[in-house]
Amino acid sequence: MYEYKFVETSLGGFFSSPKHRETINTYASEGWKLVQVLPLEYNGHGKPMAYEIIFERLIRD
């Protein structure tokens, strides 16, 4: 059986730097596997601004 974690992140903008790589590396070091990245919010031009990263890992008995 697996457990899942859902983490919101952004790819950065004019005044902020992207955090997705740091987020993925942090969770991977804790045994989480990247499953999917979904866009959550879009700007007025249709560009995704916020994302949800979905991780999974095996539940250990």
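For the structure, see preceding data.
A brief report on the enclosed structure follows. (Residues numbered from 1 in each chain as written. Predicted model: local features only at pLDDT ≥ 70, side-chain atom pairs only at ≥ 80, totals over all residues. Heavy atoms only, no water.)

We now examine the overall build of the chain. Across its full length, the chain holds 1 helix and 3 strands. Seen in sequence order, the chain has helices and strands lined up from the N terminus as β-α-β-β. Computed over its C-alpha atoms, the radius of gyration of the chain comes to 13 Å, more than 25% above the 10 Å expected for a compact globule of 61 residues. (Helix = DSSP H or I, 4+ residues; strand = E, 2+ residues; numbered from the N terminus. Rg over C-alpha atoms; globule rule 2.2 N^0.38 Å.)

Inspection of the entire model under this criterion finds 1 salt bridge. One salt bridge in this structure joins Glu3 and Arg57, with 2.9 Å as the shortest N-O distance. With Glu3 in strand E1 (residues 2–9) and Arg57 in strand E3 (residues 48–58), the pair connects residues that are 54 residues apart, well separated along the chain. Classification of Arg57 as partly exposed rests on a relative accessible area of 28%. (Salt bridge = Lys/Arg side-chain N within 4 Å of Asp/Glu carboxyl O. Buried < 20%, exposed > 50% of the residue type's maximum accessible area, 1.4 Å probe, protein only.)

We now examine the environment of Val7. Position of Val7 relative to the elements: it lies in strand E1. Judged by relative accessible area, Val7 falls into the buried class, the value being 13%. Each C-alpha atom, one on Val7 and one on Thr26, is 12 Å from the other, the two residues being 19 residues apart in sequence. Each residue touching Val7, except ones within four places of it in the same chain, is listed here: Thr23, Tyr27, Tyr51, Glu52, Ile53 and Phe55. (Contact = heavy atoms within 4.5 Å.)

With that settled, the discussion passes to the sheet that holds strand E2 (residues 33–42). The strands making up a sheet associate through backbone hydrogen bonding, with each pair oriented either parallel or antiparallel. What the 3 strands build is an open sheet, ordered E1-E3-E2; its pairing is antiparallel. For this open sheet the edge positions go to E1 and E2, each flanked by a neighbour on one side alone. On average, adjacent strands in this sheet sit at an angle of 20° to one another, irrespective of strand direction. Relative to E3, E2 is paired through 8 bridges, and the arrangement is antiparallel. Directly across from Lys33, in E3, lies its bridge partner Glu56. Running over the sheet, helix H1 (residues 20–29) touches E1, E2 and E3 and is turned about 10° from E3. (Pairing = 2+ DSSP bridges. Axes fitted to C-alpha atoms, helices over the stretch in contact; angles between N-to-C directions.)

Nothing here speaks to function; it is geometry throughout.
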